[in-house]
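Fold and geometry: a report
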Amino acid sequence: MGPLVPPPEPSFVPPHTLVGDGPHRVIAVHGWLSDRAAYAAVLPHFDRRAFTYALPDLRGYGEARDVPGEFTTAEAARDLLALADHLGWDRFSLLGHAMGASVVQRVVAAAPERVRRLVGVAPVPANGVPLAGAQWELFAGAAQHPENRRTIIDFTTGNRHPAAWLDLMVWQSQRQSDRVAFRAWLDSWAKEDFHAEVVGCTVPVRLVVGAYDPALTAEVMRDTWLRWYTDVDLVELAGAGHFPADESPLALVRAVEGFLAADGDAAAGAAAGAGGLTDAQDVFRTAEAMGP
């Protein structure tokens, strides 16, 4: 008898919300400081005739807050592919905010043939983010200290938003994430360098950055993403910092869906639905369920 081979670990399908019923399927991935509710402010503005969005919670967040794991971008990519398989989505586009953009790049690296288009919003590059000294201590301490999260959010949005908004963002971030997982995720998205796996990638990419984000700037995008991907463009939103979904929701939706629709069937889906009315009550019920 040959050597015993342990059975493969069962795949994990992240808990998720489905929004829309359009032909162009999109997996939208949240960042480090939120769960899938990161997209709550843009949900009422999504084109539900052209697109179907799947909004998952990564391990350690939201409904997956207590799910154990490595809490790495590579593991999350496997989970997202399991989600796509579960939904029966052979091909799909990807939308990722901040850390979520690192995760979706892992998906592209693992299965480029399945990805139609990719949008990164305030996107972490595939070589991580160089945090050192006091900056590293600020981020590493954010798992335990809410004031660190507040400082990060305030700085990355240009120190210009009301105190009540900052307090709400911090409260939501703490409520939506497990502290141990939150800290572990930092080591993955900030320190890992897998950019060699995406160099020369031909999947069409759009990058969306906020003019008030001093960390993930247009210059950083030019030095990283724009050097590695062969079909990539860059949009800067004048009224946003690191959280365009909250700061400039309409401009973000326009930047995202305008790019995704260029692939083809999204426009056809929208045209097919022309003349009907969006179910506004359903839109706001979904957004309310994902809100605070």
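Quick note: structure is the one above.
The model shown is predicted, which means the values in this text are computed figures rather than measured ones.

1. Notes on the pairing of strand β5 (residues 115-121)
- Of all seven residues that make up β5, seven are buried, and the element is covered over most of its length.
- As defined by bridge partners, strand β4 (residues 92-97) adjoins β5 across five bridges and the pair is classed as parallel. Bridging from a neighbouring strand, F92 pairs with V115 of β5.
- As a crossover connection, the stretch from β4 through helix α2 (residues 99-110) into β5 is right-handed.
- Strand direction decides the pairing type here: β5 and strand β6 (residues 205-210), joined by four bridges, are parallel.

2. Details of the pairing of β4
- Counting buried residues along β4, six of its six residues qualify, which places the element largely inside the surrounding structure.
- Burial along β4 is two-sided: F92, L94 and G96 facing one way and S93, L95 and H97 facing the other are all buried.
- Judged from the four bridges that link them, strand β2 (residues 24-29) and β4 form a sheet pairing that is parallel. Paired with I27 across the strands is L94, a residue of β4.

3. A closer look at the sheet that holds β4
- The sheet built from seven strands is open, its strands ordered β1-β3-β2-β4-β5-β6-β7 with mixed pairing. The outermost strands of the open sheet, each flanked by one partner alone, are β1 (16-19) and β7 (232-237). Along the sheet, successive strands turn relative to each other by an average axial angle of 20°, direction set aside.
- In the packing of α2 onto the sheet, contacts are made with β2, β4 and β5, and the angle to β4 comes to roughly 150°.
- Of the strands in this sheet, β2, β3 (51-56), β4, β5, β6 and β7 are in contact with helix α10 (residues 249-261), which crosses β5 at around 160°.

4. Concerning helix α3 (residues 133-140)
- For α3, every residue scored as buried is listed here: W136, F139 and A140. Take α3 and look down its axis: the buried residues cluster within an arc of 95°, on one side only. Those residues of α3 that are exposed and aimed more than 90 degrees away from the buried face are A134 and E137.
- Turning to α3, the residues buried within the fold contact α4 (146-156) and α6 (179-191).

5. Re the environment of T52
- Relative to the helices and strands, T52 is located in strand β3.
- When the C-alpha atoms of T52 and D21 are compared, they prove to be 4.9 Å apart, with 31 residues separating the residues in sequence.
- The residues touching T52, leaving out its near neighbours within four places in the chain, are V19, G20, D21, G22, H24, R25, V26 and W89.

Parameters and conventions
Residues numbered from 1 in each chain as written. Predicted model: local features only at pLDDT ≥ 70, side-chain atom pairs only at ≥ 80, totals over all residues. Heavy atoms only, no water. Buried < 20%, exposed > 50% of the residue type's maximum accessible area, 1.4 Å probe, protein only. Helix = DSSP H or I, 4+ residues; strand = E, 2+ residues; numbered from the N terminus. Pairing = 2+ DSSP bridges. Right-handed = clockwise from strand over helix to strand, strands pointing away. Axes fitted to C-alpha atoms, helices over the stretch in contact; angles between N-to-C directions. Contact = heavy atoms within 4.5 Å. Arc of directions from axis to C-beta.

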